[in-house]
Amino acid sequence: MEKHFLNDMMEGQPTFRPEPWYNPYGDCIIYQMEDEAVVADRVDELLTVYRSAIDNRPIGYQIKGVHAILSRFGLDAITVESHSEQGSVKSISVSMLLLAAYESKPATIGRRTGYADAMRFSQKDIRVDELQAAA
C-alpha cells in the first residue's frame with residue numbers, strides 16, 4: 001500500500017480536542033464538541049452550525065470573516081470577556097464574535113435559532129495572537 005504524502009509531517013496518533021481553533025487561511029473559527037460525523041447547516045454567510053449526523057443535535061459551528069467582524073466592531077468592542085497579561089489582551093470570548101456576527105445582518109427566526117444553537121458552545125476563548133498573526 002502506498003504511503004500518504006503528508007505522513008512525514010505528522011507525529012503520533014491524531015487526537016480530537018473539543019476547543020475552538022482559528023484557521024488563518026479561511027479566516028474562520030471552527031468549534032466542534034463531539035468527535036462524530038456532522039451535517040453542516042448554513043445559517044447565513046457568516047455562520048454554519050454543525051449538527052450530529054446521528055441525531056441532528058447541534059455539536060459545533062464555524063464562523064467566517066473573523067477579521068471583517070473585528071474591523072467592523074473593533075477588538076475593544078468584542079473583548080468584553082477576555083483574559084489579559086501585562087496590559088494586553090490575550091484571548092477574547094467566542095460568544096462576543098458570534099453576537100457581533102449576528103448584529104451584522106437583519107434578525108430572522110432562522111438566524112436567531114442558528115446563532116442560539118452556536119451560543120450553546122461558545123464558553124471557550126480564542127487567543128488574540130492567532131487572530132492578529134493572520135491579519
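Above: the structure in question.
A short tour of the structure in this document, coming up. Since the model is a prediction, treat every value here as computed from it, not as a measurement.

**Considerations on the pairing of strand β5 (residues 58-64)**
Along any regular strand, the residues point their side chains to alternate faces of the sheet. Counting buried residues in β5 gives six out of seven residues, a clear majority hidden from the surface. Strand direction decides the pairing type here: strand β2 (residues 28-32) and β5, joined by five bridges, are antiparallel. Across the sheet, Q32 pairs through a bridge with G60, a residue of β5. For strand β4 (residues 47-52) and β5, the ladder comprises five bridges, and the chain directions are antiparallel.

**Comments concerning the pairing of β4**
A large share of β4 lies buried, amounting to six of its six residues. A two-sided burial pattern is seen for β4, the buried positions comprising L47, V49 and R51 on one face and T48, Y50 and S52 on the other. As defined by bridge partners, strand β3 (residues 38-42) adjoins β4 across five bridges and the pair is classed as antiparallel. The residue bridging A40 from the neighbouring strand is Y50, located in β4. Following β3, the chain reverses through four residues before pairing antiparallel with β4. Between the antiparallel neighbours β4 and β5 lie five residues, among them N56 with a positive phi of about 65°.

**As for the sheet that holds β5**
In space, the five strands of this open sheet follow the order β1-β2-β5-β4-β3, with antiparallel pairing throughout. Among the strands making up the open sheet, the edge pair consists of β1 (21-23) and β3. Across the sheet, the mean angle separating the axes of adjacent strands is 25° when strand polarity is ignored. Lying over the sheet, helix α3 (residues 94-103) contacts β2, β4 and β5, oriented at roughly 65° with respect to β5. Contacting β4 and β5, helix α4 (residues 109-119) runs over the sheet at an angle of about 65° to β4.

**Some thoughts on unusual backbone geometry**
Positive phi, normally seen in glycine, also occurs at D27, with a value near 50°. Relative to the helices and strands, D27 is located in the loop between β1 and β2. In this structure D27 comes out as buried when scored by relative accessible area, which is 17%. One non-glycine residue, N56, adopts positive backbone phi at about 65°. By secondary structure assignment, the location of N56 is in the loop between β4 and β5.

**Brief notes about the side chain of R111**
Inspection of the secondary structure assignment puts R111 in helix α4. Here P106 takes part through its backbone oxygen, which lies 2.8 Å from a polar atom of the side chain of R111.

Conventions we followed
- Residues numbered from 1 in each chain as written.
- Predicted model: local features only at pLDDT ≥ 70, side-chain atom pairs only at ≥ 80, totals over all residues.
- Heavy atoms only, no water.
- Buried < 20%, exposed > 50% of the residue type's maximum accessible area, 1.4 Å probe, protein only.
- Helix = DSSP H or I, 4+ residues; strand = E, 2+ residues; numbered from the N terminus.
- Pairing = 2+ DSSP bridges.
- Axes fitted to C-alpha atoms, helices over the stretch in contact; angles between N-to-C directions.
- Contact = heavy atoms within 4.5 Å.
- Polar contact = N/O pair within 3.5 Å; in protein donor to acceptor, adjacent residues only side chain to side chain.

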